[in-house]
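Coordinate analysis (summary)
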Amino acid sequence: MLFLLLLSPLTLAETPPSVPFSVLEERQRPADHFTQGLYFDGQRWWESSGLYGRSWLAEYSDPGASPLRRKWLAENRFAEGLTVFGDRLYLLTWKAGEVQIYRAADLSPLGLRRYAGEGWGLTSDGEHLIMSNGSGKLTFRDPETFAVLRSVEVHGGGESWKWLNELEYANGLIWANIWQDSRLIAIDPKSGEVRGLIDLKQLTPSLHHPDAVANGIAWDRVRNGLWVTGKYWPKLYLIRPHGLG
Ligand code: DDQ
Ligand code: CA
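Residues numbered from 1 in each chain as written. Chains lettered and ligands numbered in written order. Predicted model: local features only at pLDDT ≥ 70, side-chain atom pairs only at ≥ 80, totals over all residues. Heavy atoms only, no water.

Right, let's talk about the pattern of salt bridges for a bit. If you walk through the whole model with that rule in mind, you get 14 salt bridges. Here R88 makes a salt bridge to E144, at a shortest N to O gap of 3.8 Å. Separated by 56 residues along the polypeptide, R88 in strand β7 (residues 88-93) and E144 in the loop between β12 (137-141) and β13 (148-153) bring together distant segments of the chain. Between R113 and E144 there is a salt bridge; the shortest N-O distance is 3.2 Å. Residue R113 is located in strand β9 (residues 109-114), and its partner E144 is located in the loop between β12 and β13; the two are separated by 31 residues in the primary sequence. The partly exposed category is assigned to E144, whose relative accessible area is 45%. In this structure, a network of salt bridges that share partners links the residues E25, R27 and R223. (Salt bridge = Lys/Arg side-chain N within 4 Å of Asp/Glu carboxyl O. Helix = DSSP H or I, 4+ residues; strand = E, 2+ residues; numbered from the N terminus. Buried < 20%, exposed > 50% of the residue type's maximum accessible area, 1.4 Å probe, protein only.)

So, in structure tokens, the structure goes:
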């Protein structure tokens with residue numbers, strides 16, 4: 001009975017499609033980044049790297065070269081996701097309940113806002129900031145106060161989604177890494193429904209390190225693709241999903 005229920009056509013019909021993608025380009029980069037956040041504006045890159053005592057935020061013109069600027073965080077701050085909104089950069093911390101705000105142009109500090117719970121991934125739809133916290137829920141936040149305006153439970157595909165990590169808004173969908181999983185999911189921002197999956201297994205280096213998971217997604221507006229990488233990955237890949245968004 002339970003078996004039949006699990007295999008019912010309804011369940012199968014709800015499975016989000018595996019989205020085909022092409023790899024347009026790959027780029028070499030240093031293999032010691034504990035990548036937590038990634039953002040690209042078409043010219044400059046911003047990346048955050050985690051762990052206590054080694055967390056940083058950096059700006060690059062080329063992710064394979066040394067950073068133009070780098071800010072080290074305090075020893076007791078574990079850097080998490082970041083995004084650029086207007087002329088500001090927002091950087092989450094894992095458990096400090098603190099989002100740090102910087103001027104994107106020169107990474108000068110502009111203060112902070114506080115939030116309850118953990119900080120994992122961050123992106124923006126151009127109006128609000130969108131944040132993950134290790135659960136299956138995303139919160140939409142006021143860029144000025146960081147207050148929660150709305151939240152969605154990510155659902156669909158017969159899986160209960162949790163550990164949503166780095167995020168990237170592109171073409172009306174929110175792409176998310178999932179911690180300890182090689183899959184990216186594409187989420188409908190209104191309903192929270194998972195619209196598609198991309199498995200990065202074929203791009204995942206065999207690093208034999210438990211922390212070396214896929215993490216880091218940056219929308220490339222010019223080339224219409226997503227730059228993806230992972231913690232300790234020696235490369236970034238530009239992928240173009242087909243038939244979605
Ligand atoms: N997170 O980025 C997925 C939120 C956390 C990754 C934590 C990886 C373990 C690092 C060791 C933590 C030491 C307290
Ligand atoms: Ca991102």
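There's more to say after this.
It is worth spelling out the confidence of the model for the protein chain at this point. When pLDDT is averaged along the protein chain, the result is 94, and 94% of the positions lie at 70 or above. Predicted confidence for residues 1-5 stays below pLDDT 50, and this span has one contact to residues more than four positions away or in other chains. Predicted complex metrics record ipTM = 0.91 and pTM = 0.93. (pLDDT = per-residue confidence, 0-100. Contact = heavy atoms within 4.5 Å.)

Mapped onto the elements, E127 comes out in the loop between β10 (122-124) and β11 (129-132). Residues E127 and L138, spaced eleven residues apart in sequence, show a C-alpha to C-alpha distance of 15 Å. When sequence neighbours within four positions are dropped, the list of residues in contact with E127 reads F85 and P143.

Of all seven residues in strand β14 (residues 164-170), six are buried; the element is thus mostly enclosed. In this sheet, strand β15 (residues 173-178) lies alongside β14 in antiparallel orientation, the contact comprising five bridges. Paired with L164 across the strands is I178, a residue of β15. (Pairing = 2+ DSSP bridges.)

Our next topic: the environment of L200. Within the secondary structure layout, L200 lies in the loop between β17 (194-199) and β18 (214-220). Taking C-alpha positions, L200 is 20 Å from L122, a pair spaced 78 residues apart along the chain. Setting aside residues up to four positions removed in sequence, L200 forms contacts with S182, L184, A214, V228 and I239.

Bringing the nonpolar core into the picture now. In terms of nonpolar packing, the biggest core is built from 18 residues, with W175, L184, I198, L200, L226, V228 and I239 touching the most fellow members. Among all residues touching I239, those that are not within four sequence positions of it are F21, S22, V23, L184, I198, L200, L203, G225, L226 and V228. One finds L138, V152, L167 and I187 within the second-largest nonpolar core, a separate group that totals 15 residues. (Core = buried A, V, L, I, M, F, W, Y, C linked by side-chain atoms within 4.5 Å.)

Time to look at the coordination of the calcium ion (ligand 2). Taken together, L38 (O), E166 (OE), E166 (OE), L167 (O), E168 (OE) and I217 (O) make up the protein donors of the calcium ion (ligand 2), found 2.3 to 2.8 Å from the metal. Around the calcium ion (ligand 2), the six donor atoms are arranged such that angles at the metal cover 47 to 171 degrees; this shape is classified as irregular. (Donors = N, O, S within 2.8 Å, 3.2 Å for Na, K, Ca; no water. Tetrahedral: all angles 85-135°; square planar, octahedral: opposite > 155°, others 65-115°.)

Another point: the packing of aromatic side chains. The geometry of an aromatic ring pair is captured by two quantities: the separation of the ring centres and the angle between the planes. Counted under the stated rule, the structure contains ten aromatic pairs. Aromatic side chains W45 and W227 sit 5.3 Å apart centroid to centroid with 75 degrees between the ring planes, which places their arrangement in the edge-to-face category. Pair noted here: W45 is in strand β3 (residues 45-49) and W227 is in strand β19 (residues 225-230), with a separation of 182 residues, a long-range link. We classify W45 as buried; its relative accessible area is 2%. Of the residues examined, W227 reaches a relative accessible area of 1% and is grouped as buried. Pairing Y52 with F78 gives two aromatic rings, centres 5.0 Å apart and planes at 75 degrees, and the pair type is edge-to-face. In this pair, Y52 sits in the loop between β3 and β4 (56-60) while F78 sits in the loop between β5 (69-72) and β6 (79-85), placing the two residues 26 residues apart along the sequence. Joined through ring pairs, the aromatic side chains of F34, Y52, F78, W94 and Y232 make up one cluster. Sitting over the ring of W94, K95 keeps its end group 4.5 Å from the ring centre. (Phe/Tyr/Trp six-rings, centres within 6.5 Å; stacked < 30°, edge-to-face > 60°. Lys NZ or Arg CZ within 6 Å of the ring centre and 35° of its normal.)

With that settled, the discussion passes to the side chain of E166. As for its position among the elements, E166 is in strand β14. This buried residue, E166, is left without a salt bridge; R29 holds the nearest opposite charge, at 10 Å. With residues up to four places along the chain from it excluded, the contact list for E166 reads Q36, G37, L38, L82, G121, L122, W175, A176, N177, N215, G216 and I217. (Lys, Arg positive; Asp, Glu negative; His and termini not counted.)

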